[in-house]
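Read off the chains here:
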Amino acid sequence: MTNPLLNLREGPVARLRLNRPELHNAFDAMLIAALTGALEAVAEDDSVRVVVLEGEGPSFSAGADLNWMRGMAAASEEANRTDSLALARLMRTLDELPRPTVARVQGAAFGGGVGLVACCDIAIAATDAKFGLTESKLGLLPAVISPYVLDAIGPRQARRWFATAEIFDAATALEIGLLHQVVEGDALDAAVQRQVDLLLKAGPHASAQAKSLVRRVAFERDRDRLDHDNAALIARLRVSDEGQEGLTAFLDKRKPRWCQ
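In this report, we go over the structure that sits alongside the text.

Conventions we followed
- Residues numbered from 1 in each chain as written.
- Predicted model: local features only at pLDDT ≥ 70, side-chain atom pairs only at ≥ 80, totals over all residues.
- Heavy atoms only, no water.
- Helix = DSSP H or I, 4+ residues; strand = E, 2+ residues; numbered from the N terminus.
- Buried < 20%, exposed > 50% of the residue type's maximum accessible area, 1.4 Å probe, protein only.
- Contact = heavy atoms within 4.5 Å.
- Areas by Shrake-Rupley, 256 points an atom, 1.4 Å probe, with all protein chains shown as cover.
- Lys, Arg positive; Asp, Glu negative; His and termini not counted.
- Charge placed at Lys NZ, Arg CZ, Asp CG, Glu CD.
- Phe/Tyr/Trp six-rings, centres within 6.5 Å; stacked < 30°, edge-to-face > 60°.
- Lys NZ or Arg CZ within 6 Å of the ring centre and 35° of its normal.
- Expected span 1.5 Å × (residues − 1).
- Arc of directions from axis to C-beta.
- Pairing = 2+ DSSP bridges.
- Axes fitted to C-alpha atoms, helices over the stretch in contact; angles between N-to-C directions.
- Core = buried A, V, L, I, M, F, W, Y, C linked by side-chain atoms within 4.5 Å.
- Salt bridge = Lys/Arg side-chain N within 4 Å of Asp/Glu carboxyl O.

Re the overall build of the protein
Link 1 in the chain: For the protein, the count of helices and strands is ten helices and nine strands.
Link 2 in the chain: In terms of overall dimensions, the protein has C-alpha extents of about 65 × 40 × 35 Å along its principal axes.
Link 3 in the chain: Burial status across the protein gives 42% buried among its 260 residues.
Link 4 in the chain: For the protein, the share of sequence-separated contacts (at least 6 apart) that also reach a separation of at least 24 residues comes to 68%.
Link 5 in the chain: Accessible area for the protein stands at about 13800 Å²; split by element, carbon and sulfur atoms hold 56% of it.
Link 6 in the chain: Between the centroid of the 30 positive side chains of the protein and the centroid of its 35 negative side chains there is a distance of 4 Å.

In structure tokens:
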């Protein structure tokens, strides 16, 4: 049986490649479990600095596997709840991963595939990529991925795309905030590599913790507490080994050790 996920290492970069190209990298229980396990392993591996999430073949991920959906349609409500919690665990693990993540998107990204894109810190797609939150066509909703998609595109956009299940192109995905950059297909690898290179030049701890800072600032309503916590954070970073090395390297006009 073909491995549904390829875990490819390039030094400090882990490339997690969905590997069901004949099915456009559609989700099933095995792929969800494999990707969740790989992400959990990355979270514990300090040698990994950056994660690139990509898909083998013509598509990034076309959502749920039809055979898997057929099986779940015949299963009990409790079995469906358990199955959905596995997908929720995957999305949350990716969203909270203590490593910067880059989505490399080509072809179709539908349903859960959009969820993966929304969970990544940086998302870059080819001009021919297509997106869709297509669940409502089946009488369903993108419930499990909704927190992450909502964070990416906002409530106003989500109300439209959740309800209509309309397919939209990469230019629209960029406009509504799902993507950070759109490039021609033959420039996709170079665009992803540029972001990887930038992340590798940043302090490992700083780049890994950037998302937790953003999340905390975005949802903290107590401004006094926010000021106190942010002042404590920058003070802690300034006196840390990484902060000291970064500041010293800047003043000495040399590259910090993590770039060497």
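Description of the packing of aromatic side chains
Link 1 in the chain: Tallied over the full model, the rule gives two aromatic pairs.
Link 2 in the chain: For the pair F131 and F168, a centre-to-centre distance of 5.8 Å together with 20° between the ring planes defines the contact as stacked. On the criterion of sequence distance, the pair formed by F131 in strand 7 (residues 130-132) and F168 in strand 8 (residues 167-169) is long-range, its members being 37 residues apart.
Link 3 in the chain: Summarising the aromatic geometry, the rings of W161 and F168 are spaced 4.5 Å apart at their centres and angled 45° between planes, so their arrangement reads as tilted. Each member of the pair, W161 together with F168, is buried.
Link 4 in the chain: These aromatic residues form a ring-pair network of at least three members: F131, W161 and F168.
Link 5 in the chain: The residue whose ring lies beneath R160 is W161, and the NZ or CZ to ring-centre distance is 4.0 Å.

Focus on the side chain of E54
Link 1 in the chain: With respect to the secondary-structure elements, E54 resides in strand 3 (residues 50-55).
Link 2 in the chain: Classification of E54 as buried rests on a relative accessible area of 3%.
Link 3 in the chain: With residues near it in sequence (within four places) discarded, E54 still touches R15, L16, R17, L18, F60 and R104.

Side note on helix 1 (residues 29-43)
Link 1 in the chain: Helix length check: helix 1 (15 residues) gives 21 Å between terminal C-alpha atoms against 21 Å at 1.5 Å per residue, within 8%.
Link 2 in the chain: Among the residues of helix 1, L31, I32, L35, T36, A38, L39 and V42 are the ones counted as buried. Burial along helix 1 is one-sided: seen end-on, the buried residues are contained in an arc of 165°.
Link 3 in the chain: Packing partners of the buried residues in helix 1 comprise strand 1 (5-10), strand 2 (13-18), strand 3, helix 2 (66-73), helix 3 (77-95) and helix 4 (112-119).

Quick notes on the sheet that holds strand 7
Link 1 in the chain: Reading across the sheet, the three strands line up as 5-7-8 and stay open at both edges, with mixed pairing between neighbours. Strands with a single pairing partner mark the edges of an open sheet, and in this sheet they are strand 5 (108-110) and strand 8. Neighbour to neighbour, the strand axes of the sheet diverge by 25° on average, direction disregarded.
Link 2 in the chain: As defined by bridge partners, strand 5 adjoins strand 7 across three bridges and the pair is classed as parallel. Bridging across to strand 7, A108 finds its partner in K130.
Link 3 in the chain: Helix 4 contacts strand 5 and strand 7 of the sheet and is inclined by roughly 95° relative to strand 5.

Section: the nonpolar core
Generally speaking, nonpolar side chains in soluble globular proteins are found buried as a group.
Link 1 in the chain: In this structure, L35, L53, V105, L116, F131 and L178 are the most contacted members of the largest nonpolar core, which totals 49 residues.
Link 2 in the chain: Setting aside anything within four residues of it in sequence, one finds L53 in contact with L16, L18, L35, F60, L94, V102, A103, R104, L116 and C120.
Link 3 in the chain: Ranked by size, the runner-up nonpolar core spans 14 residues in total, among them V50, I124, L188 and L199.

Points about the pattern of salt bridges
Link 1 in the chain: Going through the model one piece at a time under the given rule, you end up with 21 salt bridges.
Link 2 in the chain: Here R17 and E54 are joined by a salt bridge, their closest N and O atoms 2.8 Å apart. Pair noted here: R17 is in strand 2 and E54 is in strand 3, with a separation of 37 residues, a long-range link.
Link 3 in the chain: Ionic pairing is found between D229 and R225, a salt bridge with its closest N-O pair at 3.7 Å. Of this pair, D229 and R225 both sit in helix 9 (residues 223-239), four residues apart, roughly one helical turn.

Function-wise, these values are silent; they only describe arrangement.
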